[in-house]
Amino acid sequence: MTLAKICGLTTPESLTVAVEAGAAFVGLVAFEKSPRHLAPEDARRLLDQTGMVESRRAKVVVVTVDPDDALLDALTRHVAPDFIQLHGHETPERAEAVRARTGAGIIKCLPVSGPDDLKRVTDWAGVADHLMFDARTPADAALPGGMGLSFDWTLLRGVDLPRPWFLAGGLTPDNVTEAVRLSGAPMVDVSSGVERAPGVKEPALIRAFLEAVGTLPGKQSS
Ligand SMILES: O=C(O)c1ccccc1NCC(=O)[C@H](O)[C@H](O)COP(=O)(O)O
């Protein structure tokens, strides 16, 4: 079974659709430059509005970019996420400190534009619970993720990876089947591919994406 994360959810409607349609992970973005940004208090309100605090029907992931301790403390207090996704230039040492400070699991995103980018994987073997491979955004891009950009999925095929991993970047309901076939990904992540405008999720696209993922054969990730 291929597992899916729907990222950048900001409304009760889209969060509910994602969970009910089978997302294993739901992502909330805590990064002020993002159109999907939620302050910790707003993230908590969203979880409360959808009953997610009690049910935890999907794992809650908060996406951060080089978070400082004040943000981590606020996220822990208000959200208590299952995972913190590190989407910046964090080192393995900083990731260990984030885990110790928050008690959350760690998803480390590694940007990919070519085969050399996969060499960094070994640094994260004993540190991250999950890895994420996302398209490297241009140096002048507004955001380091959530840009709808993809990379050569075949780079990941047959690569021995030390942790369960997500394929991310430019996935859509129409291409996710091919992306998993070419990469061998056990888990997939999407944001802009299920939006009608930046930061505005489209429930029908969330359902279509999760339906496509649900039909995939594949390895069960842990
Ligand atoms: O989504 C954002 O706004 C964002 C901002 C800053 C850092 C990371 C961000 N998103 C991280 C994700 O996990 C996205 O789902 C991932 O980059 C894939 O995005 P997309 O290509 O739009 O599907």
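Throughout, residues of each chain are indexed from 1 in the direction in which the sequence is written. pLDDT decides what is reported in this predicted model: residues at 70 or higher carry local features, side-chain atom pairs at 80 or more are listed and counted, and totals for whole chains, interfaces and linings draw on all residues regardless. Hydrogens and water are ignored here; the side-chain numbers use all heavy atoms of the structure.

Per an unreviewed UniProt entry, the chain goes by the name N-(5'-phosphoribosyl)anthranilate isomerase and belongs to Brevundimonas halotolerans. Regarding the chain, the relevant UniProt record gives this comment under Sequence similarities (unreviewed entry): "Belongs to the TrpF family." Per UniProt, the chain has the following entry under Catalytic activity (unreviewed entry): "N-(5-phospho-beta-D-ribosyl)anthranilate = 1-(2-carboxyphenylamino)-1-deoxy-D-ribulose 5-phosphate". UniProt positions are given in the numbering used here, feature names are shortened, and annotations may be inferred rather than shown by experiment.

On to the packing of aromatic side chains, then. Whether two aromatic rings pair depends on their centres lying within 6.5 Å, for rings of Phe, Tyr and Trp, where Trp uses its six-membered ring; planes under 30 degrees apart make the pair stacked, over 60 edge-to-face, and the rest tilted. The final tally for this structure, using the stated rule, is three aromatic pairs. The interplanar angle of 55° and the centroid separation of 5.9 Å between the aromatic rings of Phe25 and Phe83 together place this pair among those described as tilted. Residue Phe25 is located in strand S2 (residues 25-29), and its partner Phe83 is located in strand S4 (residues 83-86); the two are separated by 58 residues in the primary sequence. Ring plane angle 75° and centroid distance 5.1 Å describe the contact between Phe25 and Phe166, whose orientation is recorded as edge-to-face. With Phe25 in strand S2 and Phe166 in strand S7 (residues 165-167), this pair connects stretches of sequence that are 141 residues apart. Both residues of the pair, Phe25 and Phe166, count as buried. Aromatic ring contacts, followed pair by pair, group Phe25, Phe83 and Phe166 into a single cluster. Helical segments are the DSSP runs of H or I of at least four residues, strand segments are the runs of E of at least two, and each set is numbered from the N terminus. For every residue, the accessible area (1.4 Å probe, protein chains only) is compared with the maximum for its type, and the residue is labelled buried under 20%, exposed over 50%, or partly exposed between those bounds.

Moving on: the sheet that holds strand S3 (residues 59-64). Around the barrel, eight strands lie side by side as S1-S2-S3-S4-S5-S6-S7-S8; this closed barrel has parallel pairing. Across the sheet, the mean angle separating the axes of adjacent strands is 25° when strand polarity is ignored. The pairing of S7 with strand S8 (residues 187-190) spans two bridges and is classified as parallel. Each residue of the ladder has a partner; that of Phe166, found in S8, is Met187. By definition, residues are in contact when any of their heavy atoms lie within 4.5 Å. Axes here mean lines fitted to C-alpha atoms, for a helix over just the part in contact, with angles spanning 0 to 180 degrees between N-to-C directions. The strands touched by helix H7 (residues 203-214) within the sheet are strand S1 (3-6) and S8, with S1 carrying the most contacts at an inclination of about 165°. Each pair of strands is called paired provided DSSP finds at least two bridges between the two strands.

This next bit is on the site of the ligand. One heavy atom suffices: a residue is near a molecule or strand as soon as one of its heavy atoms comes within 4 Å of it. Around the ligand lies a shell of 25 residues, among which Ser34, Arg36, Asp134, Asp189 and Ser192 are the nearest. Note that an oxygen atom of the ligand is positioned 2.6 Å from one of the side-chain N or O atoms of Ser34. The term polar contact refers here to a pair of N or O atoms within 3.5 Å; inside protein, the definition further demands a hydrogen-donor-capable atom paired with an acceptor-capable atom, and it admits residues adjacent in sequence only when both atoms are side-chain atoms. Interatomic distance of 2.6 Å between a side-chain N/O atom of Asp189 and an oxygen atom of the ligand. The fraction of the free accessible surface of the ligand (520 Å²) that becomes covered by protein chains is 100%. Sorting the residues of the shell around the ligand by element identifies strand S6 (130-135) and S8 as the ones contributing at least two each. Each residue is assigned to one of three groups, with Ala, Val, Leu, Ile, Met, Phe, Trp, Tyr, Cys and Pro labelled nonpolar, Asp, Glu, Lys and Arg labelled charged, and all others, Gly among them, labelled polar. Here the shell around the ligand is composed, by residue class, of eleven nonpolar, ten polar and four charged. In short, Shrake-Rupley with a 1.4 Å probe defines the accessible areas, and a residue's cover is counted only from the protein chains shown.

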